[in-house]
Amino acid sequence: MTVTEREFALNLDAEDPLARYKDQFVNTDPNMCYLDGNSLGRLPKKTVEVVNNYLLNEWGAEVVGGWGHWIDEAQATGDLIGRAVLGAGAGQVLACDTTSVNFYQLVGAAIAARPGRKTIITDAANFPTDRYILQGVADRMGLNLIIIDNESPGSAECERITPEILEPYLSTDVAFVTFEVIQYRSGARTDIKAITELVRKYGGLTIWDASHAAGAIELNFDDNGVDLAVGCTYKYGNSGPGSPAWLYVNKKVQNSLQVSIQGWFAQADQFEMGPTFEKDNSIRGFQIASPSIVGLRCINTAFGMIEEATISAIAKKCATGTQMMIGLYDAWLAELGFTLNTSREVLERGGHISLVHPDAKRIAVALREFANVIPDYRTPNSIRLAISPLTNSYVEIWDGFQRLRDLVATRQYEKVTTEGSRVT
Ligand SMILES: Cc1ncc(COP(=O)(O)O)c(C=O)c1O
């Protein structure tokens, strides 16, 4: 059986231990190939019930009294995220705010923890919000921001930052280094353990953005000696648009770090409402303010499903699914002008692959318009295609690739007249 036979995907589905989860999500169009779970995951049916129940029976019925048991939910939900996907023991993760805010908070804390050091490092292919925040912080604080070039030809394999690429930039002037665990565009996976250890040799901290990794691969933060990390919950986490993000601060460094915005939830005796700030010793010392309880309940449901399914089974399905995608690329798409911009090594990628094509933007719009396939386009020329293990079947991916092949082989995509949405 070869990958180009539909039976190949159907056989994988027949043996898939996660197949039963697909029906636990809302799907109003069974003919759609949704290959964008790495941008926004699907809605779990149970979330509808849980949120309704919360609205009516908690907010509605309990009103302000509800805060008596809602108050510490950012920590409880953080612990769940830690257990389900991060490989983090209790008391190190908070579910709160956005990835951008959490990133800004940890950046400020890392700079303050390395007084006198004036250099911070990231890479050109990093997600825009991270780069923009770093630029702002560097400008305001007079820091030297090094942006490693991993985009121009020959600079790095599929944007992948390795210890060999990073080391020449390191010195004892570096306060912290920050990269994505999985690059948002190419899907390259960075070796978090090797990079963290290398930076530590120079006395610096490492901040990981795991937005494209959480819920797709095994992260094992505690075992890998990670200091600091952030990420979102709305991609492979299936917790909904704008659901609270998370931050991870390893217990070993919690006492030596103070975030920039010291809000009232971080106060040791919060309801004493005293005149001066005294940071709480627990992970709450990193929380700014009131959590969105509705958002947390969405996370609890979706990450509860992930915990039950197990991140090891999920990671395995990502590996098999992306392998099938690469097989289909080789068989069908390479000859149609596509180039694979993701590693063929399973440990160097996550749950999505990136295909480069000179007409990528038009093809991405045409896939939605003519073929009922949902990918996303990333500037300047790539289409991202993902497997979200709880919500995708293998055959859904296979059908999506077949439709992509036909759309480009027949040049039907050239008939696209619209620009598509502002959101790609
Ligand atoms: C890698 C990465 N970091 C940060 C963000 C921004 O997340 P937020 O809008 O929650 O701040 C995203 C959003 O997609 C992302 O992919």
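A. Molecular detail of the packing of aromatic side chains. Evaluated as defined, the whole model comprises nine aromatic pairs. When the ring of Phe-221 is compared with that of Trp-246, the centres are 6.2 Å apart and the planes differ by 55 degrees; the resulting orientation is tilted. Separated by 25 residues along the polypeptide, Phe-221 in the loop between strand S6 (205-209) and strand S7 (228-231) and Trp-246 in strand S8 (residues 246-249) bring together distant segments of the chain. The buried category is assigned to Phe-221, whose relative accessible area is 0%. By way of ring pairs, the aromatic residues Tyr-54, Trp-67 and Trp-70 are connected into one cluster. Here the basic side chain of Lys-317 rests over the ring of Tyr-394, its NZ or CZ set 5.3 Å away from the ring centre. We note Arg-405 situated over the ring of Trp-332; from NZ or CZ to the ring centre the distance is 4.4 Å.

B. Broad picture of the sheet that holds strand S3 (residues 119-123). Sheet architecture is open: seven strands sit in the order S2-S8-S7-S6-S5-S3-S4, paired in mixed fashion. Two strands bound the open sheet, and with one partner strand each, they are strand S2 (93-95) and strand S4 (144-148). On average, each strand axis in the sheet is tilted by 15 degrees relative to the strand beside it, whichever way the strands run. Pairing of S3 with strand S5 (residues 174-180), which is carried by three bridges, proceeds in the parallel orientation. Within S5, the position partnered with Thr-119 by the bridge is Val-174. With respect to the sheet, helix H8 (residues 192-201) is in contact with S5 and S6, its orientation differing from that of S6 by roughly 150 degrees.

C. Broad picture of a nonpolar patch on the surface. Taken together, the side chains of Leu-55, Leu-56, Trp-59, Val-63, Val-64 and Val-294 make up a nonpolar region of the molecular surface, amounting to roughly 580 Å² of accessible area. Counting residues per element, the nonpolar patch draws most heavily on helix H2 (residues 45-62), at three residues. As for its position among the elements, Trp-59 is in helix H2.

D. Structural context of the site of the ligand. Inspection of the region around the ligand gives Thr-98, Thr-99, Ser-100, Phe-127, Thr-129, Asp-130, Glu-180, Asp-209, Ser-211, His-212, Tyr-234 and Lys-235 as its neighbouring residues. In the environment of the ligand, a nitrogen atom lies 2.6 Å from a nitrogen or oxygen atom belonging to the side chain of Asp-209. Side-chain polar atom of His-212 to an oxygen atom of the ligand: 3.2 Å apart, as the coordinates give it. Calculation on the ligand without its partners gives an accessible area of 400 Å², and the protein chains cover 83% of this total. Elements that contribute at least two residues to the shell around the ligand include exactly helix H5 (99-113) and helix H6 (128-141). Grouping the constituent residues of the shell around the ligand by class yields two nonpolar, six polar and four charged.

E. Spatial organisation of the side chain of Thr-196. On the secondary structure map, Thr-196 appears in helix H8. Note on Thr-196: relative accessible area 1%, which makes it buried.

F. Structural context of the side chain of Asn-238. Position of Asn-238 among the secondary structure elements: in the loop between S7 and S8. Of note is the side chain of Asn-238, whose polar atom sits 3.4 Å from the backbone nitrogen of Arg-42.

G. Region of interest: the domain arrangement of the chain. Split into domains, the chain comes out as domain 1 (6-43 + 310-415) and domain 2 (71-309). One C-alpha centre belongs to domain 1, the other to domain 2; they are set 28 Å apart. Between domain 1 and domain 2, the residue contacts involve 40 residues of the former and 29 residues of the latter. Approximately 2,600 Å² of surface area, both sides summed, lies buried where domain 1 meets domain 2, with 54% of it carried by carbon and sulfur atoms. For the domain 1 face of the interface with domain 2, the top three residues by lost area are Ile-311, Glu-348 and His-352, together amounting to 19%. Scanning the region where domain 1 abuts domain 2 turns up two salt bridges. Two residues, Arg-160 and Glu-348, come together in a salt bridge whose shortest N-O distance is 3.6 Å. Our enumeration of links across domain 1 and domain 2 arrives at 19 residue pairs in polar contact (both at pLDDT 80 or more). Of all elements in the fold, only helix H11 (311-333), strand S10 (352-356) and strand S13 (382-386) reach the threshold of two or more residues within the side of domain 1 that touches domain 2. For the side of domain 1 that touches domain 2, the element with the most residues is H11, which contributes six residues.

H. Geometry of the environment of Ser-382. With respect to the secondary-structure elements, Ser-382 resides in strand S13. Measuring from C-alpha to C-alpha, the distance between Ser-382 and Val-230 comes to 25 Å, with 152 residues separating the pair along the chain.

I. Structural view of helix H12 (residues 360-371). Along H12, the residues that are buried comprise Ala-360, Ile-363, Ala-364, Val-365, Ala-366, Leu-367 and Ala-371. Check the buried side of H12 and you find it contacts strand S11 (373-374), strand S12 (376-378), S13 and helix H13 (394-409).

J. Structural detail: the sheet that holds S12. Across the sheet, four strands lie side by side as S9-S10-S13-S12; this open sheet has antiparallel pairing. Of all strands in the sheet, those with a lone pairing partner are strand S9 (339-340) and S12, marking the two edges. Two elements, S10 and S13, share five bridges in a ladder whose sense is antiparallel. Looking at S13, one finds that Ile-353 is bridged to Leu-385. Contacts from H11 reach S9, S10 and S13 within the one sheet, and its direction differs from that of S10 by about 20 degrees.

K. Local environment of the packing of helix H4 (residues 73-86) against helix H10 (residues 293-309). Relative to each other, H4 and H10 sit at 25 degrees, their axes nearing to 9 Å. The angle between the axes of H4 and H10 places the two elements in the roughly parallel class. Crossing hand, H4 versus H10: left-handed. Side by side, H4 and H10 meet where Glu-73, Ala-74, Thr-77, Leu-80, Ile-81, Arg-83, Ala-84 and Val-85 of the first sit next to Ile-293, Leu-296, Arg-297, Ile-299, Asn-300, Phe-303, Gly-304, Ile-306 and Glu-307 of the second.

What counts and what doesn't
- Residues numbered from 1 in each chain as written.
- Predicted model: local features only at pLDDT ≥ 70, side-chain atom pairs only at ≥ 80, totals over all residues.
- Heavy atoms only, no water.
- Phe/Tyr/Trp six-rings, centres within 6.5 Å; stacked < 30°, edge-to-face > 60°.
- Helix = DSSP H or I, 4+ residues; strand = E, 2+ residues; numbered from the N terminus.
- Buried < 20%, exposed > 50% of the residue type's maximum accessible area, 1.4 Å probe, protein only.
- Lys NZ or Arg CZ within 6 Å of the ring centre and 35° of its normal.
- Pairing = 2+ DSSP bridges.
- Axes fitted to C-alpha atoms, helices over the stretch in contact; angles between N-to-C directions.
- Contact = heavy atoms within 4.5 Å.
- Patch = residues over 30% accessible without salt bridge, like charges linked within 9 Å, V, L, I, M, F, W, Y side chains within 5 Å.
- Areas by Shrake-Rupley, 256 points an atom, 1.4 Å probe, with all protein chains shown as cover.
- Salt bridge = Lys/Arg side-chain N within 4 Å of Asp/Glu carboxyl O.
- Near = heavy atom within 4 Å.
- Polar contact = N/O pair within 3.5 Å; in protein donor to acceptor, adjacent residues only side chain to side chain.
- Nonpolar A, V, L, I, M, F, W, Y, C, P; charged D, E, K, R; others polar.
- Domains from an automatic or database assignment.
- Buried area = accessible area lost by both parts, 1.4 Å probe.
- Parallel < 35°, antiparallel > 145°, perpendicular 65-115°, else oblique.
- Left-handed = near helix turned anticlockwise from the far one by under 90°.

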